[in-house]
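# Coordinate analysis (summary)
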Amino acid sequence: MKLLQIHEPGETPLPHEDERGLAVGIDLGTTNTVVAIATNQKAEVIRDATGRALLPSIVAYRDDGVLVGEPARRELLENPGTVVSSIKRLMGRGVEDVKALAGVLPYELAPAAEGGMVRLKLGDRVLTPVEVSADILRAAKSRAEAALGRNVDRAVITVPAYFDDAARTATRDAARLAGLEVLRLVNEPTAAALAYGLDKAAEGIYAVYDLGGGTFDFSLLRLEKGVFQVLATGGDAALGGDDFDHAIAARLLAERGGFVDGGDVKLALATARLAKECLTTQDEWQGTLDLGGRLSHHRLDRVTFEGLIEPFVDRTIAISRGVLEDAGVDPKSLSGLVLVGGSTRVPLVRRKVAALIGREPLADIDPDEVVAVGAALQAEALTAGSDTLLLDVTPLSLGIETMGGLVEKIIERNTPIPVAKAQEFTTFQDGQSAMMIHVVQGEREMVDQCRSLARFELRGIPPMVAGAPRIRVTFAVDADGLLTVSAREKTTGVEAHVEVKPSYGLSEDEMARMLRESIEHAREDMERRLLVEAKVEARRGIGAVRSALAADADLLSREELAEIEAAIARVETALSGHDRDAVNAAAAELEKITRPFAERRMDRGIRAALAGHRIDELGL
Amino acid sequence: MNETSRDMDTAKADGTTAPVACWLCRGPVAAGALFCPTCRAVQPPAPVDHFARFGLPVAFDLDENELDRRYFAVQRQLHPDRFATRTARERAVSQSQAVAVNEAYETLKDPLARAEYLLQLHGVATEACQTISDPELLMEQMERREALSEIDTREAAEAFLDAAGRDVAASLATIAVAFGRGDLTAARRETTRLKYLTKLVEEARARRARLGGRPEAPILKTMPR
């Protein structure tokens, strides 16, 4: 079967402890990024030299280099035109998605072909959101390496549960550019529940209310004895504290009047953020806005502020109530509700959430750090082993376009992942040799109201009368929430040729170019990863042969045994070197030499089964 | 979607089947075993029915807590998270296992899906794409639909949902009795009814949502204005 991957397939190399760096958890946030590491189920947030855990997700592209975090934030005042913030909101977004925002976004968009990925224009540079995110991840990686004194090359990276496929793929690509192998993409609320559940030994049905800078997620989980089962999830991939800032900034700019350019918007937003933070603890804020040498004074009280942000908060409550109703869970019956995300510090948010569940929400783990802590715990679980089990779901339904622009759902939202569903298609006209399949994600009935993920062209369908071919298309969502599609014509066994055009992703050419340009991924580095992968496969092969010898060596003559031992030794010799081809050749040779041995073992197994014995009774 | 029919073709639940070859060490593995007894490599999912996958008897009556317990126990062994650092092939096999386990769990957990699957196992077709052929059922559903279309307050929607919920519970009891007696005709008839009742509940929920002022489903908003 021909596999066609919308996403980079699991190209992740196979780690072997002595050749691998450390694995961390990274919360790649809209406003801030946090990195943490866990050892023996205790997670620690990694801080910079001055003790700060939060790495502002801000990047400044200066002529003399790239700045990330606090230095980039300072650049905002000097050279606002070079600074990018809140890039997460553009991950996996198309040009069409953001067209409505021209002039409002705090950065300039580069003109791009219709339907492609968004590109930012900063001076002479044109950047994709993937590249900007990669720069933030590189800074997080360096921070961890500086603090831990070791190479860090693997990570669990968190994404909003409500991130669609395009945004997840973009995140994965960004990590790859930054030289990080993604062990798993984990949903932010799930990571928070993991951190909370493991810390407090919580059991029962919990909700996670996650309001970050740019995304909102509400998830329901069942926690019991090390199992974290997501029951339902909902949210909005573009709703968060940024909206509060925008509302305040719009008011400030309106009070001022006059012409406003992109740099003014950035400064107004920065001032708005200060006002918001002040109004979280104070009843009134006063400040000035200095734009283009003209000063204006502003005053905002708590009541006015809450009036400005109330529509956004109400929307989060409506989404939360919807998830609870869909799952048939009474909000008052929850064992607890965990608050995640810096925006949950806003008093109005806490009041409204408390009113929803009829009690005070839980916030005893720092809402800014809890997601990174969960990601670090999962990174340790994946690399060192663990008894905890995370069972997550697809946040959005996956479907295909049918006649009349309607959507036929293939995989319903809130289905546990990994999941695979197959659908059969047939032709419309006699002799038809190709067909187009349009994959979309979303809950609406019409294609144009859902998000377009990809268009596939199935080609090479054998000529038959209309309706005769049986083309089986399989849609699979893996544990990272990423989609893969494969296709096969069933009646003739002919594999349909499929062409994938991700609607908002990077093309393979673009990805290859970026990888070439990135220092972390010079050609030698790719080769090294492939070598590591080949070695792990070869070691696993030797292990399997050794186990078989321990069980059934009596099936071999002394000469045959010696021959196998010699082949093992040759693989081991190759393993001590750095030649990938030599490793693969020696492993293939071992497999060939052991083939007659495997056949005799099968014969013995079949005879034993016929004699009515179970194989495990033979002490194998 | 045709996995199930393919599963049933090759399903043999009578215990002593011939061993299959392990994909890694190529030695014998008992049919249905999750791991190779020799080299411990995870094995691809066995072609068995959803009940057999959890070692449960083929029956409509099912202890949901027991199903959960077995689902968690199996996923603890097979979930891709357990294989994150293993070879690419082992990761792929673990994913196919987890997919099969999730499909079985999703089918058995939902009583309507379970009833339809059981009928399928027994070779009885459900009225998936047909219109209602039972005049009595047709009349009942038309009346309910009309009642639903006249609802204009959230309270009325709540009351309608309560009544529909009671009907669903009663329908489930009827199905359980029919399967218990081995009366597949009655089971099929009531399963069709349950299907329409379930759809009615979904529509009533959507209506309640519209009346309650919340969006029908969380909708992706592009960006702030």
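The model shown is predicted, which means the values in this text are computed figures rather than measured ones.

## Here's the deal with the overall build of chain A
Within chain A, the regular secondary structure consists of 15 helices and 28 strands. Buried residues in chain A amount to 58% of all 620 residues. Pairs at least 24 residues apart make up 68% of the contacts formed inside chain A by residues separated by at least 6 positions. Counting every atom, chain A has about 25100 Å² of accessible surface; 51% of that belongs to carbon and sulfur.

## Some words on empty space enclosed by the protein
All names here are of chain A. Tallied over the full model, the rule gives eight cavities of 30 Å³ or more. Of the volumes computed, that of the second largest cavity is approximately 160 Å³. Taken together, 19 residues line the second largest cavity, and the ones lying closest to its centre are Arg184, Leu185, Asp392, Ile417 and Ala479. Every element with two or more residues in the lining of the second largest cavity is listed here: β13 (181-187) and β20 (389-391). Element by element, the count of residues in the lining of the second largest cavity is highest for β13, at four residues. Taken together, the residues that form the lining of the second largest cavity break down as nine nonpolar, five polar and five charged.

## Section: the sheet that holds strand β8 (residues 83-85) of chain A
All names here are of chain A. One open sheet holds the three strands; their spatial order is β7-β6-β8, and the pairing between them is antiparallel. What marks the edges here is a single partner per strand, and that holds for β7 (65-68) and β8. Strand-to-strand, the axes of this sheet are offset by a mean angle of 20°, without reference to chain direction. Of the strand pairs in this sheet, strand β6 (residues 58-62) and β8 are connected by three bridges, and their pairing is antiparallel. When the sheet's bridge partners are listed, Ala60 is paired in β8 with Val83. Here helix α3 (residues 129-148) sits on the sheet in contact with β6, β7 and β8, set at roughly 105° to β6.

## A look at the environment of B:Ile151
Residues and elements named next belong to chain B. Position of Ile151 relative to the elements: it lies in the loop between α6 (135-149) and α7 (154-181). A relative accessible area of 8% means that Ile151 is categorised as buried. On a C-alpha basis, the gap between Ile151 and Ala186 in space is 32 Å, while along the polypeptide they are 35 residues apart.

## Some thoughts on the confidence of the model for chain A
In this model, chain A carries an average pLDDT of 83, and 87% of its residues clear a pLDDT of 70 or more. The weakest mean pLDDT in chain A belongs to strand β1 (residues 2-4) of chain A at 40; the strongest belongs to strand β2 (residues 22-28) of chain A at 95.

## Regarding the sheet that holds strand β11 (residues 125-127) of chain A
Residues and elements named next belong to chain A. Judged by pairing direction, the sheet is antiparallel, and its three strands sit side by side in the order β9-β10-β11 without closing on themselves. Unpaired on one side and paired on the other, β9 (108-109) and β11 mark the two borders of the sheet. Relative to β11, strand β10 (residues 120-122) runs antiparallel, the two sharing three bridges. Counterpart to Lys121 in the pairing with β11 is Val126.

## Some remarks on unusual backbone geometry
A:Pro418 follows A:Ile417 through a cis peptide bond whose omega is 0°. For A:Lys225, which is not a glycine, the phi torsion comes out positive at approximately 35°. Position of A:Lys225 among the secondary structure elements: in the loop between β15 (216-224) and β16 (227-236). For B:Arg26, which is not glycine, the phi torsion reads 65° and is therefore positive. Take B:Arg26: it is sitting in the loop between β1 (20-21) and β2 (28-29). Judged by relative accessible area, which is 17%, B:Arg26 ranks as buried.

## A short note on the nonpolar core
Of all hydrophobic cores here, the largest spans 44 residues; its most connected members are B:Phe54, B:Phe60, B:Leu67, B:Tyr71, B:Leu108 and B:Phe179. Elements represented by at least two residues in this core include exactly β20 of chain A together with α3 (64-78), α4 (88-109), α5 (111-121), α7 and α8 (184-212) of chain B. Aside from chain neighbours lying at most four places away, what touches B:Phe54 is B:Leu67, B:Arg70, B:Tyr71, B:Val74, B:Val101, B:Ala104, B:Tyr105 and B:Leu108.

## Details of the side chain of A:His298
All names here are of chain A. When you line up the elements, His298 lands in strand β18 (residues 294-301). Residue classification places His298 among the buried positions, given a relative accessible area of 5%. Here Ser296 takes part through its side chain, which lies 2.8 Å from a polar atom of the side chain of His298. Look past the residues within four positions of His298 in its chain and what remains in contact with it is Leu252, Glu255, Arg256, Trp285, Gln286, Gly287 and Leu289.

## Considering the packing of α3(B) against α4(B)
In helix packing, the relevant descriptors are the interaxial angle and the interaxial distance, both defined with respect to the helix axes. Residues and elements named next belong to chain B. Look at α3 against α4: their axes get within 10 Å of each other, and the N-to-C directions meet at 175°. Of the possible angle classes, the one that applies to α3 and α4 is roughly antiparallel. Contacts between α3 and α4 involve Glu64, Leu67, Asp68, Tyr71, Val74, Gln75 and Leu78 on the former and, on the latter, Ser94, Gln97, Ala98, Val101, Asn102, Tyr105, Leu108 and Lys109. In the contact of α3 with α4, the residues fall into eight nonpolar, four polar and three charged.

## Observations concerning the interface of chain A and chain B
As a measure of interface size, the accessible area lost when the parts come together is often cited. Taken together, the contacts link 83 residues of chain A with 57 residues of chain B. Summed over both partners, the interface of chain A with chain B buries about 6000 Å², with 56% contributed by carbon and sulfur atoms. Its largest share of buried area at the contact with chain B, chain A owes to A:Glu325, A:Pro418 and A:Arg540, together 11% of the area lost on that side. Counting every contact that joins chain A to chain B gives five salt bridges. Linking chain A to chain B there are 19 residue pairs in polar contact (both at pLDDT 80 or more). Per element, the largest residue contribution to the side of chain A that touches chain B is eight residues, and it comes from helix α12 (residues 523-552) of chain A. Tallied by class, the residues present in the side of chain A that touches chain B amount to 37 nonpolar, 16 polar and 30 charged.

## Here's the deal with the packing of α3(A) against helix α4 (residues 165-177) of chain A
All names here are of chain A. Put simply, α3 and α4 touch, their axes get as near as 8 Å, and they point 55° apart. The orientation of α3 relative to α4 falls into the category oblique. Relative to α4, α3 is oriented so that their crossing is right-handed. The residues of α4 that touch α3, namely those facing Val130, Glu131, Ser133, Ala134, Leu137 and Arg138, are Ala170, Asp173, Ala174, Ala175 and Leu177. Each residue belonging to the contact of α3 with α4 can be placed in one class, and the counts come to seven nonpolar, one polar and three charged.

## Observations regarding the side chain of A:Lys276
Residue and element names in this part refer to chain A. Mapped onto the secondary structure, Lys276 falls in helix α7 (residues 262-281). Here Asp245 takes part through its side chain, which lies 3.1 Å from a polar atom of the side chain of Lys276. Dropping the residues within four chain positions of it, Lys276 is found in contact with Gly241, Phe244, Asp245, Ile248 and Phe305.

## Quick look at the pattern of salt bridges
Counted according to the given criterion, the structure contains 52 salt bridges over all chains. Salt-bridge contacts for A:Lys88 lead to A:Glu188; the nearest nitrogen and oxygen are separated by 2.8 Å. Residue A:Lys88 is found in the loop between β8 and α2 (95-99), and its partner A:Glu188 is found in helix α5 (residues 188-200); the two are separated by 100 residues along the sequence. Classification of A:Glu188 as buried rests on a relative accessible area of 4%. For the salt bridge of B:Arg189 with B:Glu190, the shortest nitrogen-to-oxygen distance reads 3.9 Å. Connected through salt bridges with shared partners, the residues A:Arg172, A:Arg184, A:Asp480 and B:Asp81 form a single ionic network.

## Side note on the pairing of strand β19 (residues 336-340) of chain A
Residue and element names in this part refer to chain A. Burial analysis of β19 places five of its five residues in the buried class, which makes it a mostly covered element. In this structure, strand β14 (residues 204-211) lies alongside β19, joined through five bridges in parallel fashion. Paired with Ala207 across the bridge in β19 is Leu337.

What counts as what
Residues numbered from 1 in each chain as written. Chains lettered and ligands numbered in written order. Predicted model: local features only at pLDDT ≥ 70, side-chain atom pairs only at ≥ 80, totals over all residues. Heavy atoms only, no water. Helix = DSSP H or I, 4+ residues; strand = E, 2+ residues; numbered from the N terminus. Buried < 20%, exposed > 50% of the residue type's maximum accessible area, 1.4 Å probe, protein only. Contact = heavy atoms within 4.5 Å. Areas by Shrake-Rupley, 256 points an atom, 1.4 Å probe, with all protein chains shown as cover. 1 Å grid on protein atoms, 1.4 Å probe; cavity = no way out; pocket = protein on both sides within 12 Å on 5 of 7 lines; lining within 4 Å. Points joined across faces, edges and corners; volume = space filled by probe spheres on them. Nonpolar A, V, L, I, M, F, W, Y, C, P; charged D, E, K, R; others polar. Pairing = 2+ DSSP bridges. Axes fitted to C-alpha atoms, helices over the stretch in contact; angles between N-to-C directions. pLDDT = per-residue confidence, 0-100. Core = buried A, V, L, I, M, F, W, Y, C linked by side-chain atoms within 4.5 Å. Polar contact = N/O pair within 3.5 Å; in protein donor to acceptor, adjacent residues only side chain to side chain. Parallel < 35°, antiparallel > 145°, perpendicular 65-115°, else oblique. Buried area = accessible area lost by both parts, 1.4 Å probe. Salt bridge = Lys/Arg side-chain N within 4 Å of Asp/Glu carboxyl O. Left-handed = near helix turned anticlockwise from the far one by under 90°.

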